[in-house]
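Topology and contacts: notes
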Amino acid sequence: MAEVTLIDALTMAMAWELEHDPSVVVLGEDVGVNGGVFRATAGLQKKFGVDRVQDTPLAEGMIAGISIGMAAQGMRPIAEIQFMGFIYPTVDQIINHAGRMRNRTRGRLTCPMVLRAPFGGGIHAPEHHSESTEAMFAHMPGIRVVIPSSPTRAYGLLLAAIRDPDPVVFLEPKRIYRLNKQDVEDNGKALPMDVCYILREGSDITVVTWGAMTFETLKAVDQLARKGIRCEVIDLTTISPIDYETILESVQKTGRLVIVHEAARTCGVGAEIAAIVAEKGIYDLQGPIRRVTGYDVVMPLFRREMDYMPSVGKIIDVIQESLED
Amino acid sequence: METIADFEVQYSQFLDPEGKPSADIPALATDTEKLLDMYRLMTVTRVFDTKAINLQRTGKLGTYASCLGHEAAHVGIAAAMRPDDVLAPSYREYGAMLCRGVTMTEILLYWGGDERGSDYAGPRNDFPMCVPIATQCLHAAGAAMAFQLRGEDRCAVSINGDGGTSEGAFYEAMNIAGARKLPVVFMVVNNKWAISLPIEMQTASKTLAQKAVAAGIPGIQVDGNDIIAVRHWVERALERARNGEGACLIEAVTYRLSDHTTADDSSRYRKQEEVEAARTVEPLIRIRQYLMDLGVWDKKKETKLLNDAAAKVDAAVEKYLHTPKPDIESMFDHMYAQWPEQLEEQRQHAIRYGGTNGDSHG
Ligand SMILES: Cc1ncc(C[n+]2csc(CCOP(=O)(O)OP(=O)(O)O)c2C)c(N)n1
Ligand SMILES: [Mg+2]
């Protein structure tokens, strides 16, 4: 077993799959010789060659479109978009083709592809490099949206995404790319998508979050634990389709729900979770559902970015408020 | 079969790397005041660039994209423009921006994570720096359409890199500009690299200038290290545009002597020998030599220029470093002409928690 960071785990997963499945191809801007601007594909081209790990010209619509073309013809492309801020030209391809190919050809052609992109703020990045727009993809039928928040889940979930017969948008919380290390066995074992991962068990309140915000949330919850408050922390992990059952079961137990996400508030994935709990679990609730989110503003440049983000303090306050209901 | 269309791509250089002029050198080459102004600005730009990299290295600036080696291309473009034309740059064309009247402090604020860096006191109508590659080409075409519709004697100029010529937006912009004869000039600063991708892998096209052909507009390649060539051909292109003859594409061939940004390490993907070779043909050497040969420049003037430039840059840096953080409210107050009342709760929330979130960077 090796002690690895989240980003190392992604590299390991891609290497495993390149090794074991000849139909897998890695492509994107600067992923080859340079190993990716975050080094997620470091060493892969050297090991697997320029055909399997390809530097593409600079055009995101092209990257998504050729991935669809390859996927429909039996390949398994893993495409990297350098930053989520540059993913928008792919939306045409993803919404109009990747998410629909299976349905419109009644299963004749499919799109087993992965679109990887780092996202989120807090690393002093330049303009357009810090947004969290996962909800936009969650709103598109026919694709999965997966966000790992630990090295172990990064490894297992990326393997699952590559092997999945349908398109997966795999969003990587870059703030925690190198935040901590875990022992990850390079054994090619995938972890299940479409399920939440429970990070802490507790009976007082349910807190649902994902991505880098799992760290702020766990810090908040640990502080509250010292006061005897037992929070159940659920890492949503697959943003679409959402594993409602785990959330509803937890709310049944705790009677309280707080959702934490870095993305802007309006139409964030938190709104969908709140809606489903209102529909199916309202009688379990002892008070209103609450959200701690980014604001409905353009992500500020970095001198003010931390004031945009949900903080440990904001999360603690909202959890405590909920417990007073 | 018969040939029904024929194309050729021309290349222009007036000053060779040693500063020796060619026989057909244009009138601009004897206008020493103009040349001296441009040379001074190129030098100031370089001093500024070196300082900005140092600020980044010492933790006083965010990620920064150096313009080292691009000074002739950048200054040459803007020097050809009129003040009421509009520039739509990418993110490293400081020579052009300074020439347009953007301040060094504004550029530092932008890379220092402060939106006020894009609120130019000088060129109020110029577009801010543009990070999403090549999207600004369409804004330039749109600005040109506005000028055309209102019958104004103004032009728009966009600047993107070699990598940017692979994006759809670049072609879309040239196409509409060709179809509508828009008063716009598309500048491609070909510095041979798009982060780690060399131009040979970006495209099979022999030149980037020829990408104009399919849009039905003229395309020309110039030596981007020769400021006389850059300015001369941009002036010609703007003149055509003002005469209602439509758009042009100009490819200025230069070299990115720096890493892509301060976050990049170019030794991973390119050979030092290539960089060293490019250093010998960089743009300041030849124009300095030419000015010396004309007898209008000397060592003493050079020393004074460097001292003046350093003082100017230091003053701008001081101003930048002493600019307090933007107010928390500023992230809300510029979102709409009026912040919606139903979102006021969010604004109050942010103000209440303002400054309480530690920096989790690293
Ligand atoms: C649409 C988009 N995709 C990717 C990026 C990331 N990126 C920033 S600069 C760059 C390379 C640009 O190369 P080029 O157009 O040649 O300009 P240069 O940086 O060399 O001036 C890339 C890929 C981006 N900013 N925008
Ligand atoms: Mg370039």
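Fair warning: this is a prediction, and the values are worked out from it, not measured in the lab.

1. Some points on helix α4 (residues 104-111) of chain B
Residue and element names in this part refer to chain B. The element α4 is largely enclosed, with a buried count of eight among its eight residues. Here α4 has its buried residues at Met104, Thr105, Glu106, Ile107, Leu108, Leu109, Tyr110 and Trp111. Structurally, α4 contributes buried residues whose contacts are with α1 (32-57), α3 (94-100) and α11 (299-321). Count one or two residues on from α4 and you reach glycine 113, which has phi positive near 85°.

2. A short note on the sheet that holds strand β3 (residues 53-55) of chain A
Residue and element names in this part refer to chain A. Pairing is mixed across the open sheet formed by seven strands, whose spatial order is β3-β2-β4-β5-β7-β6-β12. One side of each edge strand has no neighbouring strand; the edge strands of this open sheet are β3 and β12 (238-240). Mean inter-strand twist for the sheet, computed between neighbouring axes without regard to direction, equals 20°. One ladder, built from six bridges, connects strand β5 (residues 114-119) with strand β7 (residues 168-173); its direction is parallel. Bridge pairing in β7 places leucine 115 opposite valine 169. Each of β2 (24-28) and β4 (76-80) touches helix α3 (residues 60-72); the most contacted strand, β4, lies at about 170° to it.

3. Things to note about the coordination of the magnesium ion (ligand 2)
Residues and elements named next belong to chain B. Only Asp162 (OD), Asn191 (OD1) and Trp193 (O) from the protein coordinate the magnesium ion (ligand 2), and they sit 2.1 Å from it. Spacing between the donor residues of the magnesium ion (ligand 2) along their common chain follows D-x28-N-x1-W. Remark: tryptophan 193 occurs in strand β5 (residues 193-194) and aspartate 162 occurs in the loop between β3 (156-161) and α6 (168-180); sequence separation between them is 31 residues. In this structure, aspartate 162 and tryptophan 193 share a single accessibility class: buried.

4. Observations regarding the packing of α1(B) against α4(B)
All names here are of chain B. In the contact formed by α1 and α4, the axes pass within 12 Å of each other and the chain directions differ by 30°. If you check the angle between α1 and α4, you find them roughly parallel. When you trace α1 past α4, the crossing you get is right-handed. Here Val44, Phe48, Ala52 and Leu55 of α1 lie close against α4, whose contacting residues are Met104, Ile107 and Leu108.

5. Side note on the site of ligand 1
The local shell around ligand 1 holds 20 residues, among which Glu60(A), Tyr91(B), Arg92(B), Val131(B) and Gly163(B) are the closest. Flanking ligand 1 are residues from chains A and B. One nitrogen or oxygen atom from the main chain of Ile133(B) is found 3.1 Å from a nitrogen atom belonging to ligand 1. Asn191(B) places a side-chain nitrogen or oxygen 2.9 Å from an oxygen atom of ligand 1. Computed on the free molecule, ligand 1 has an accessible area of 580 Å², of which 94% lies beneath the protein chains in the complex.

6. With respect to the domain arrangement of chain A
Interfaces are often sized by the amount of accessible area the parts lose when they come together. All names here are of chain A. Assigned domains of chain A: these are domain 1 (2-184) and domain 2 (197-324). Put simply, the middle of domain 1 and the middle of domain 2, counted by C-alpha atoms, are 26 Å apart. With 27 residues of domain 1 in contact, the opposing surface of domain 2 contributes 26 residues. Regarding the contact of domain 1 and domain 2, the summed buried area is about 2100 Å², with carbon and sulfur atoms giving 60% of it. It is Ile147, Arg153 and Arg175 in domain 1 that bury the most area against domain 2; as a group they hold 24% of the surface buried on that side. For the interface between domain 1 and domain 2, the tally reads three salt bridges.

7. Notes on the packing of helix α8 (residues 213-225) of chain A against helix α12 (residues 312-323) of chain A
Residue and element names in this part refer to chain A. Closest axis-to-axis distance for the α8/α12 pair is 9 Å, and the angle between their directions is 55°. What the angle tells us is that α8 and α12 run oblique. Both α8 and α12 take part in a crossing whose hand is right-handed. The segment α8 lies against α12, with Glu216, Thr217, Lys219, Ala220, Val221, Gln223 and Leu224 engaging Val312, Ile315, Ile316, Ile319 and Gln320.

8. What about unusual backbone geometry?
All names here are of chain A. Each neighbour pair has its own omega, and for serine 240 with proline 241 the value is 0°, a cis peptide bond. Counting through the fold element by element, proline 241 comes out in the loop between β12 and α9 (244-254). Look at arginine 39: it is not a glycine, yet its phi comes out positive at around 75°. When you line up the elements, arginine 39 lands in the loop between β2 and α2 (44-48). We classify arginine 39 as partly exposed; its relative accessible area is 28%. Phi is positive for histidine 124, which is not a glycine, with a value near 60°. Structurally, the position occupied by histidine 124 is in the loop between β5 and α6 (134-138).

Parameters at a glance
- Residues numbered from 1 in each chain as written.
- Chains lettered and ligands numbered in written order.
- Predicted model: local features only at pLDDT ≥ 70, side-chain atom pairs only at ≥ 80, totals over all residues.
- Heavy atoms only, no water.
- Buried < 20%, exposed > 50% of the residue type's maximum accessible area, 1.4 Å probe, protein only.
- Helix = DSSP H or I, 4+ residues; strand = E, 2+ residues; numbered from the N terminus.
- Contact = heavy atoms within 4.5 Å.
- Pairing = 2+ DSSP bridges.
- Axes fitted to C-alpha atoms, helices over the stretch in contact; angles between N-to-C directions.
- Donors = N, O, S within 2.8 Å, 3.2 Å for Na, K, Ca; no water.
- Parallel < 35°, antiparallel > 145°, perpendicular 65-115°, else oblique.
- Left-handed = near helix turned anticlockwise from the far one by under 90°.
- Near = heavy atom within 4 Å.
- Polar contact = N/O pair within 3.5 Å; in protein donor to acceptor, adjacent residues only side chain to side chain.
- Areas by Shrake-Rupley, 256 points an atom, 1.4 Å probe, with all protein chains shown as cover.
- Domains from an automatic or database assignment.
- Buried area = accessible area lost by both parts, 1.4 Å probe.
- Salt bridge = Lys/Arg side-chain N within 4 Å of Asp/Glu carboxyl O.

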